[in-house]
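What follows is the residue order along each chain.
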Amino acid sequence: MAEAMLSLKGIHKRFGNLAVLKGVDIEIARGEVVCVLGPSGSGKSTLLRCVNLLAPPEEGEIFLEGHDICKGPGSGTGEESWELDFVRQRVGMVFQQFNLFPHKSALENVTLAQEKVLGRSKQEAREKATELLERVGLGDQLDQYPETLSGGQQQRVAIARALAMDPHVMLFDEVTSALDPELVKEVLDTMRELAAEGMTMIVVTHELGFAREVADRVIFMDGGVIVEEGPAAEVLENPREERTKQFLGLVLDR
Amino acid sequence: MSQFFNQYFNFNVMGEHFGEVLVAFLQNLLVFAVAAFLALLWGLGLALLRQLPSRKLAPIRFITIAYIDIFRAVPILIIILMISGGVPFLTFLPQEVRIPHWFGRPDPFWYGVAALVIVYGAFTAEVYRAGIEAVPKGQMEAARSLGMSHFQAMRHVIVPQAITKIPAPMLNELISLLKDTTLVSVIALSESVLVSREILAERLNSSALTLTAIFFLVIILPLARLVDYLIKRNQLKITRGSHIEVA
């Protein structure tokens, strides 16, 4: 196995009395694409939020490129800390609801954090943003505001926005779930290209076709634990666990 | 009936004292302008302090909430009297703070401004808070996931969106503030109500007060209409499904 990009050990996360993650271990290699499947409420999204410390875990360890990011003063409390900077500069995230900044144009959405966080000049940020927006097929929409873009276009801007920070890992949280069916493909195509370029990706999704085609590995979660994991073809075609079979059966029967 | 009319709407009295009352009313507008500017800033500051993240900063949040609650509850008149009647005797303060005459304005002017800013900062903070809380949670998450600090996210992402959501309620606060500038008359600032009362005492006629009321109406009625218009426009946006203003 290649060098571990990300490794999660015994992750526990609860919201109030509700235990959402009950001991999750995952090891992800550099350049690996992992799809996380599972019913809603199984803890998939929370897992992603743990990784970039939007929802720091209460228990367990997360190593990002060998650094323990759950340790040290302020960890686990949402405080400003070196871990946050370290993590957020290396981990990009794309959300189900896009979360573009509605008062900023597509271009400004992609330049804002480059300037404020990475300290790039206006010119540099602009060039990088233009290049990325062209790459996701939106070179002609630079000055559009989010409300005039389709959901698929907005989501591609959101991907460009995350990529502009030169992340080492990309997290995708059900990024096609809020899209009209005909807009799903354009977003998945963008993600396919990203995977082909060797980006390390954790993709929470219900798109089994995408998982089968792109994922190196599939993780099936239920009730806050990993029920089954393995190569995509194996888990999707020949699941061992009863719970996985049941879930895949329901999804495929739609 | 004519007695009533003469007491409140004596055009001779109004005409003779028009200039005097107008100049005094401009004093109200000046108090308003300075206090509104400072209260809008102070209120934003309070709102941001109230939204500070993390457990470690909870005491600051708590103090801010206490401040906002207290000064929304205490009558402004008391605050005005406490400042004008107390601050001059706090000898640990420098002279120019105890008895301020900044920019050629008399000390009651600044005591009044201070009281209004202290109180209206609390009120505007609540309006800002409503605006900030109306911004979807995902905006903060997206900004933070891009590596922005809480403060950067507030400044570049949350607050610019929040202020587009609150012009109507904020305008209501400003209307109240404008009216409350008349309270400063109790500490002998020559603003319109004080001057009108002097005229009342001299002429035993209330028409100068009516004139002052008319000045307020002339300024405030259009603002009230504007509030209604803003509320309607905002509702239209919500029903259209895009409640977010594009700058």
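Predicted model only: the values in this text are computed from it and were never measured. Numbering of residues starts from 1 in every chain and runs along the sequence as written. Note on labels: chains are lettered from A, ligands numbered from 1, in written order. In keeping with the model being predicted, local features are shown solely for residues with a pLDDT of at least 70 and side-chain atom pairs are shown and tallied solely at 80 or more, while totals for entire chains, interfaces and linings include all residues. Side-chain measures were taken over the full set of non-hydrogen atoms in the model, leaving aside hydrogen atoms and water.

Asker: Help me understand the pattern of salt bridges, please; the structure alone is not making it clear to me.
Answerer: Any two side chains of opposite charge can pair, on the condition that their charged atoms come close. The working definition used for a salt bridge is a side-chain nitrogen of Lys or Arg within 4 Å of a carboxyl oxygen of Asp or Glu. One pass over the structure, following the stated rule, counts 28 salt bridges over all chains. Ionic pairing is found between D166(A) and R120(A), a salt bridge with its closest N-O pair at 2.5 Å. Placement of D166(A) in the loop between helix 5 (151–163) and strand 7 (169–173) and of R120(A) in the loop between helix 3 (106–116) and helix 4 (122–135) is noted, with a sequence separation of 46 residues between them. Exposure is judged per residue with a 1.4 Å probe applied to protein chains only, and the accessible area is read against the type maximum: over 50% gives exposed, under 20% gives buried, and values in between give partly exposed. Residue R120(A) is classed as buried on the basis of its relative accessible area of 17%. Sharing partners across several salt bridges, the network here consists of R50(B), D69(B), R72(B), E126(B), R129(B) and E133(B). Helix numbering and strand numbering both begin at the N terminus, where a helix is a DSSP run of H or I of at least 4 residues and a strand a DSSP run of E of at least 2.

Asker: Would you take a moment to explain the pairing of strand 6 (residues 91–94) of chain A for this structure?
Answerer: Looking along a regular strand, one sees the side chains alternate between the two faces of the sheet. Residues and elements named next belong to chain A. Burial along strand 6 is two-sided: V91 and M93 facing one way and G92 and V94 facing the other are all buried. Each pair of strands is called paired provided DSSP finds at least two bridges between the two strands. In this sheet, strand 7 lies alongside strand 6 in parallel orientation, the contact comprising four bridges. Within strand 7, the position partnered with G92 by the bridge is M170.

Asker: I tried to follow the packing of aromatic side chains on my own but got confused; where do I start?
Answerer: Each pair of aromatic rings is reported with the distance of its centres and the angle of its planes. Residues and elements named next belong to chain B. What counts as a ring pair is set by centres within 6.5 Å for rings of Phe, Tyr and Trp (its six-membered ring), and what kind of pair is set by the plane angle: stacked under 30 degrees, edge-to-face over 60, tilted for all other angles. Throughout the structure, instances matching the rule amount to 13 aromatic pairs over all chains. Each ring, one from F18 and one from F215, has its centre 5.6 Å from the other, and the planes form 70 degrees; the classification is edge-to-face. Pair noted here: F18 is in helix 2 (residues 11–50) and F215 is in helix 11 (residues 207–240), with a separation of 197 residues, a long-range link. Given a relative accessible area of 37%, F18 falls into the partly exposed group.

Asker: Whenever I open this one, the packing of helix 4 of chain A against helix 5 of chain A confuses me. Can you help?
Answerer: How two helices pack is summed up by the angle between their axes together with the distance between the axes. Residues and elements named next belong to chain A. Put simply, helix 4 and helix 5 touch, their axes get as near as 9 Å, and they point 140 degrees apart. One way to sum up the angle between helix 4 and helix 5 is to call them oblique. Every pair of crossing elements has a handedness; the one defined by helix 4 and helix 5 is right-handed. For the pair helix 4 and helix 5, contact is made by K128, L132, L133 and R135 and by V157, A160 and L163, respectively. Amino acids are sorted into nonpolar (Ala, Val, Leu, Ile, Met, Phe, Trp, Tyr, Cys and Pro), charged (Asp, Glu, Lys and Arg) and polar (every other residue, Gly among them). Its residues assigned to classes, the contact of helix 4 with helix 5 comprises five nonpolar, no polar and two charged. For helices, the fitted line uses only the C-alpha atoms of the stretch in contact; every axis is such a line through C-alpha atoms, and the angle between N-to-C directions lies from 0 to 180 degrees. Under this scheme an angle from 65 to 115 degrees is roughly perpendicular, one under 35 degrees roughly parallel, and one over 145 degrees roughly antiparallel; angles in between are oblique. With the far helix as reference, a near helix turned anticlockwise by less than a right angle produces a left-handed crossing, and one turned clockwise produces a right-handed crossing. Contacts were defined at the residue level, with two residues in contact if any of their heavy atoms lie within 4.5 Å.

Asker: Where do I start with the confidence of the model for chain B in this structure?
Answerer: If pLDDT is low for a region, its predicted coordinates should not be looked at in detail. All names here are of chain B. Every residue carries a pLDDT, the predictor's confidence in it, which falls somewhere between 0 and 100. Summary statistics for chain B give a mean pLDDT of 89 and a share of 96% for residues scoring 70 or more. Predicted confidence in chain B is weakest over helix 5 (residues 95–98), with a mean pLDDT of 84, and strongest over helix 3 (residues 58–73), with 95. Here residues 241–247 is a poorly scored stretch, pLDDT under 50, and it has 15 contacts once near neighbours within four places are set aside; other chains count. Scored by ipTM, the complex comes to 0.89, with pTM at 0.85.

Asker: I keep staring at unusual backbone geometry and nothing clicks. Help me out?
Answerer: Glycine aside, negative phi is the norm for most residues, and most peptide bonds take the trans geometry. Look at F98(A): it is not a glycine, yet its phi comes out positive at around 65 degrees. Residue placement: F98(A) occurs in the loop between strand 6 and helix 3. Even without being glycine, L204(B) reaches a positive phi, approximately 55 degrees. Counting through the fold element by element, L204(B) comes out in the loop between helix 10 (192–203) and helix 11. For L204(B), a relative accessible area of 67% corresponds to the exposed category.

Asker: Even after reading the chapter, I still don't get the sheet that holds strand 5 (residues 67–68) of chain A, so can you show me in this structure?
Answerer: Backbone hydrogen bonds hold the strands of a sheet together, and the pairing may be parallel or antiparallel. Residues and elements named next belong to chain A. Strand order in the open sheet made by the four strands is 2-1-4-5, with antiparallel pairing throughout. Because the sheet does not close on itself, it has two edges, and the strands there are strand 2 (18–29) and strand 5. Here strand 1 (residues 4–15) pairs with strand 4 (residues 59–64) via five bridges, running antiparallel. Residue pairing for strand 4: H12 is matched across the bridge by E59. Packing against the sheet, helix 1 (residues 44–51) makes contact with strand 1, strand 2 and strand 4, and its axis sits at approximately 120 degrees to strand 1.

Asker: Which parts of the structure should I look at to understand the interface of chain B and chain A?
Answerer: The extent of an interface is frequently quoted as the accessible surface area lost upon association of the parts. Tallying the contact residues gives 24 residues for chain B and 27 residues for chain A. Contact between chain B and chain A buries roughly 2,300 Å² in total, counting both sides, with carbon and sulfur atoms accounting for 58%. For the pair chain B and chain A, the interface holds one salt bridge. A salt bridge links R49(A) to E141(B); the shortest N-O distance between them is 2.6 Å. Between N or O atoms, a polar contact is any pair within 3.5 Å; within protein, one atom must be a potential hydrogen donor and the other a potential acceptor, and residues adjacent in sequence are included only when both atoms are from side chains. Seen at the junction of chain B and chain A, the total is five residue pairs in polar contact (both at pLDDT 80 or more). Looking at the side of chain B that touches chain A, the elements that each hand over two or more residues are helix 7 (137–145) and helix 8 (150–164) of chain B. With seven residues, helix 7 of chain B is the largest single contributor of residues to the side of chain B that touches chain A. Per-class residue counts for the side of chain B that touches chain A are nine nonpolar, 11 polar and four charged. Defined here as a combined quantity, buried area equals the accessible surface (1.4 Å probe) lost by two parts on assembly, summed across both.

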